[in-house]
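Observations on chain architecture
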Amino acid sequence: MKNKSVLVTGATGYIGSHICKHFKTAGWTVIGVDRVRREHTLDYIDTFIEAGFCAESVVSYLDANMPTAVVHCAGTSLVGPSMTDPGEYYTNNVANSAFFFDFLSKHAQAPVVVFSSSAAVYGAPKVDLITENTPWNPLSPYGQSKAMIELMLVDMGRAYGLRHVSLRYFNACGADVMDAKLGQAPGATHIIARVLESIRDEKQFTLFGTDYDTVDGTCIRDYVHVDDLAIAHLQSVEYLLNGGASRALNLGSGTGYSNADVMVAVGQYVGPIDYVQGPRRPGDPDRLVASNSLAKEVLGWKPAYSDLETIIKSAWKWYNNPPESIDS
Ligand SMILES: NC(=O)c1ccc[n+]([C@@H]2O[C@H](COP(=O)([O-])OP(=O)(O)OC[C@H]3O[C@@H](n4cnc5c(N)ncnc54)[C@H](O)[C@@H]3O)[C@@H](O)[C@H]2O)c1
């Protein structure tokens, strides 16, 4: 059988590096593209191109060696900064992706494509479970940029036949369950990262908001382990190669944990938390939880690591032994 190859953009980032590792472990040839070289991720990449994903070096590589699949993870991805610097989000996410997908679509051997979308396309809907049919209402240029890229993929699929799956991640968290060689860079904004870093660094943690409309007053989110996300990419590529139709799928655990639940679990698996209560952050909704039924049905995806114990223990292991090449 012909060796299957995948090109991953954003390959040395948090989610991209885990995706490379899962494809490599499954026997794929992995080509990684990222504008930042991070040594600790390179064991899982056969060919690394240090460049922007629209660079001439990437285009000419693809022209000569089009892979079976492309996983497009590269992007600028912080909600807050996107409000003050939207230009970066429309340039790097929307304009660059338009160029990239246009090039892939028109190539004689167009690959199948999996795109890193986000729950940010939904905004803050007032529903118990967010399904793929929940109307979009992105609240930031970051969310808008993901929505625009999804729309362009639909149009390019219709016009050029580019076959794709857009995966809408909820809160990615945890670290490499195989051997803790990969994980998230410091300064992630979700509570699990913030509380673990505050314990490690012996700093006081601030719990934002205890007056949400939830049972314990703290807000509820859906945390999905990064290895479960990575597995879904492999399954999405297989799904497309087996003739599956282009579509968008939620990737969440399907379970909502409140900030108080997270703190109790961290107390149990790691240790006591020195914390103070702060005001709620503007715009933070009470509850954001995915329905993941469609991903389960379509891909056969079954989140295996997205329980709080595995998430917290794997992340804690990583935070206590980060490699030198992780961003500071
Ligand atoms: N982390 C989450 O919870 C989450 C949730 C929803 C969606 N996403 C999306 O998943 C993708 C990966 O997120 P992550 O958490 O791994 O972020 P990350 O910042 O760790 O990784 C992104 C990588 O993309 C690279 N990159 C950015 N622009 C590039 C360009 N023009 N050319 C080449 N490389 C470029 C960066 O250097 C970085 O290594 C992003 O598109 C993000 O928007 C993440």
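See the structure printed just above.
Analysis parameters
- Residues numbered from 1 in each chain as written.
- Predicted model: local features only at pLDDT ≥ 70, side-chain atom pairs only at ≥ 80, totals over all residues.
- Heavy atoms only, no water.
- Helix = DSSP H or I, 4+ residues; strand = E, 2+ residues; numbered from the N terminus.
- Contact = heavy atoms within 4.5 Å.
- Areas by Shrake-Rupley, 256 points an atom, 1.4 Å probe, with all protein chains shown as cover.
- Near = heavy atom within 4 Å.
- Polar contact = N/O pair within 3.5 Å; in protein donor to acceptor, adjacent residues only side chain to side chain.
- Nonpolar A, V, L, I, M, F, W, Y, C, P; charged D, E, K, R; others polar.
- Salt bridge = Lys/Arg side-chain N within 4 Å of Asp/Glu carboxyl O.
- Buried < 20%, exposed > 50% of the residue type's maximum accessible area, 1.4 Å probe, protein only.
- Pairing = 2+ DSSP bridges.
- Core = buried A, V, L, I, M, F, W, Y, C linked by side-chain atoms within 4.5 Å.
- Axes fitted to C-alpha atoms, helices over the stretch in contact; angles between N-to-C directions.
- Parallel < 35°, antiparallel > 145°, perpendicular 65-115°, else oblique.
- Left-handed = near helix turned anticlockwise from the far one by under 90°.
- Phe/Tyr/Trp six-rings, centres within 6.5 Å; stacked < 30°, edge-to-face > 60°.

Let us look at the overall build of the protein chain. Within the protein chain, the secondary structure is distributed over 10 helices and 14 strands. Oriented by its inertia axes, the alpha-carbon framework of the protein chain measures out at about 60 × 40 × 40 Å. A sequence separation of at least 24 residues applies to 77% of the contacts in the protein chain between residues at least 6 apart. Surface accessibility of the protein chain: about 14000 Å² in total, with carbon and sulfur atoms responsible for 51%.

Close to the ligand lie 25 residues; I15, D34, R38, N92 and Y142 are nearest. Between the ligand and C73, the relevant distance is 2.9 Å, taken from an oxygen atom to a main-chain nitrogen or oxygen of the residue. When the free accessible area of the ligand is taken as 820 Å², the share hidden by the protein chains comes to 86%. Of all the secondary structure elements, the ones that give two or more residues to the shell around the ligand are helix 1 (14–25), strand 5 (112–118) and helix 5 (141–160). Top element by residues in the shell around the ligand is strand 5. It accounts for three residues. For the shell around the ligand, the class distribution of residues is 11 nonpolar, 10 polar and four charged.

Next up on the list: the pattern of salt bridges. Tallying each qualifying case throughout the model produces 17 salt bridges. When the shortest N-O distance is used, the salt bridge between D102 and K106 registers 2.8 Å. Relative accessible area serves as the criterion here: at 53%, K106 is assigned to the exposed category. Close ionic contact of K181 with D179 constitutes a salt bridge, the shortest N to O distance being 3.9 Å. The exposure class of K181 is partly exposed, given its relative accessible area of 44%.

Attention now goes to the sheet that holds strand 9 (residues 220–221). Taking strand neighbours across the sheet as the criterion, the three strands line up as 12-9-14 in an open arrangement whose pairing is mixed. Each edge of the open sheet carries a strand with a single partner, namely strand 12 (257–258) and strand 14 (287–288). When strand 9 meets strand 14, the two strands line up parallel, connected through two bridges. Paired with I220 across the two strands is R287, which belongs to strand 14.

Attention now goes to the nonpolar core. Within the largest apolar cluster, 64 residues are counted, with the highest numbers of intra-cluster contacts made by I19, F23, V71 and I192. Among the elements that line this core, the one with the most residues is helix 7 (residues 226–241), at eight residues. Beyond its immediate stretch of four places on either side in the chain, I192 contacts C173, Y223, V262, L308, I311 and I312. I49, V59, V94 and F100 belong to the second-largest nonpolar core, a separate cluster that totals 24 residues.

The next thing to look at is the packing of helix 2 (residues 56–64) against helix 4 (residues 86–105). Packing of helix 2 against helix 4 brings their axes to within 11 Å, and their N-to-C directions diverge by 15 degrees. For the element pair helix 2 / helix 4, the angle class is roughly parallel. In the packing of helix 2 onto helix 4, the handedness of the crossing is right-handed. The residues of helix 4 that touch helix 2, namely those facing V59, L62 and D63, are F99, F100, F103 and L104. Among the residues making up the contact of helix 2 with helix 4, the classes are represented as six nonpolar, no polar and one charged.

On inspection of all chains with the given rule, the structure shows six aromatic pairs. Consider the rings of Y89 and Y142, whose centres lie 6.3 Å apart with planes at 85 degrees: the pair is edge-to-face. Taken together, the residues span a long stretch of sequence, with Y89 in helix 4 and Y142 in helix 5 at a distance of 53 residues. Residue classification places Y89 among the buried positions, given a relative accessible area of 3%. Classification of Y142 as buried rests on a relative accessible area of 10%. In textbook terms, an aromatic cluster arises when at least three aromatic residues are bridged by ring pairs, as seen for F53, F100, F101 and F115.

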